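# Architecture and fold: a report
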Amino acid sequence: GDSVTQTEGLVTLTEGLPVMLNCTYQSTYSPFLFWYVQHLNEAPKLLLKSFTDNKRPEHQGFHATLHKSSSSFHLQKSSAQLSDSALYYCALSEAGNTGKLIFGLGTTLQVQP
Amino acid sequence: NAGVIQTPRHKVTGKGQEATLWCEPISGHSAVFWYRQTIVQGLEFLTYFRNQAPIDDSGMPKERFSAQMPNQSHSTLKIQSTQPQDSAVYLCASSLEGNTLYFGAGTRLSVL
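Quantities reported herein were computed from a predicted structural model and do not represent experimental measurements. (Residues numbered from 1 in each chain as written. Chains lettered and ligands numbered in written order. Predicted model: local features only at pLDDT ≥ 70, side-chain atom pairs only at ≥ 80, totals over all residues. Heavy atoms only, no water.)

### What about the sheet that holds strand 3 (residues 19-24) of chain B?
Residues and elements named next belong to chain B.
- With antiparallel pairing, four strands are arranged side by side in an open sheet as 1-3-8-7. Whereas interior strands pair on both sides, the edge strands pair on one side only; in this sheet they are strand 1 (5-7) and strand 7 (65-71). Averaged over all pairs of adjacent strands, the angle between strand axes in this sheet comes to 20°, irrespective of strand direction.
- Bridging between strand 1 and strand 3 involves three bridges; their strand directions are antiparallel. In the sheet register, Thr 7 faces strand 3, and the bridge partner there is Trp 22. (Pairing = 2+ DSSP bridges. Helix = DSSP H or I, 4+ residues; strand = E, 2+ residues; numbered from the N terminus. Axes fitted to C-alpha atoms, helices over the stretch in contact; angles between N-to-C directions.)

### So, the interface of chain A and chain B
- With 21 residues of chain A at the interface, the matching set in chain B holds 21 residues.
- Of the roughly 1600 Å² buried between chain A and chain B, counting both surfaces, carbon and sulfur atoms make up 51%.
- For the interface between chain A and chain B, the tally reads one salt bridge.
- For A:Lys100, the salt bridge is made with B:Asp56, and the minimal N-O distance between the two is 3.0 Å.
- Linking chain A with chain B are five residue pairs in polar contact (both at pLDDT 80 or more).
- Counting residues per element, the ones that place at least two in the side of chain A that touches chain B are strand 5 (33-38), strand 6 (45-49), strand 10 (86-93) and strand 11 (101-103) of chain A.
- Looking at the side of chain A that touches chain B residue by residue, the classes come out as eleven nonpolar, seven polar and three charged. (Contact = heavy atoms within 4.5 Å. Buried area = accessible area lost by both parts, 1.4 Å probe. Salt bridge = Lys/Arg side-chain N within 4 Å of Asp/Glu carboxyl O. Polar contact = N/O pair within 3.5 Å; in protein donor to acceptor, adjacent residues only side chain to side chain. Nonpolar A, V, L, I, M, F, W, Y, C, P; charged D, E, K, R; others polar.)

### Points about the pairing of strand 6 of chain A
Residues and elements named next belong to chain A.
- Summarising the sheet, strand 5 and strand 6 pair through four bridges and their orientation is antiparallel. Bridge pairing links Phe 34 to Lys 49 in strand 6.
- Following strand 5, the chain reverses through six residues before pairing antiparallel with strand 6; Asn 41 in that reversal takes a positive phi of roughly 60°.

### Remarks on the confidence of the model for chain B
- Looking at chain B, pLDDT values average 94 and 97% of them are 70 or higher.
- Of all secondary-structure elements in chain B, the lowest mean pLDDT belongs to strand 6 (residues 53-56) of chain B, at 94, while strand 3 of chain B reaches the highest, 98. (pLDDT = per-residue confidence, 0-100.)

Laid out in structure tokens, this is it:
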């Protein structure tokens, strides 16, 4: 079945350094890919969604490029901020555009001063 | 717009007791989803409704979990005979169209 893999459970880096969180997926079709972010004691919120026309989505300095050849949708940011510390989930949409999302295990990003 | 509202925020039950979790989706949204969040399993899909009809309950543990959506303004997730392994954050989400899910803050269930 469809699945999402996030290889890092915890990423710790210093403020100002670049961020890259890995996401790969398995699917029998071409799904939409998503990044959700969850700050402590808050609800998960949509950060990015892949486009159908291969444009690169960007939001709050974060961007991600969908590479169908490698089944990847890595999240990147050029310079980490303390406020970026949160739990990040990668997800894919189920076939048939049902609205159901399949999530990875999540990556906790800790940004230190 | 108050967003998705989940009550209670925290619930503590004894082993074997019943727990009912409530969700009020965003007004006008046609789909409601339930997920379970744990450190080990991440965000696990449980079930969802569209226009109040149950569509997919493939993630629900069959014996003790049930979900209902009696009207368009709320859904419930009921867990009978709760077990310690049911301890988790239960998240409800709603969506209008496409795949953007709007999540509530969740109910943290602790089974002692």
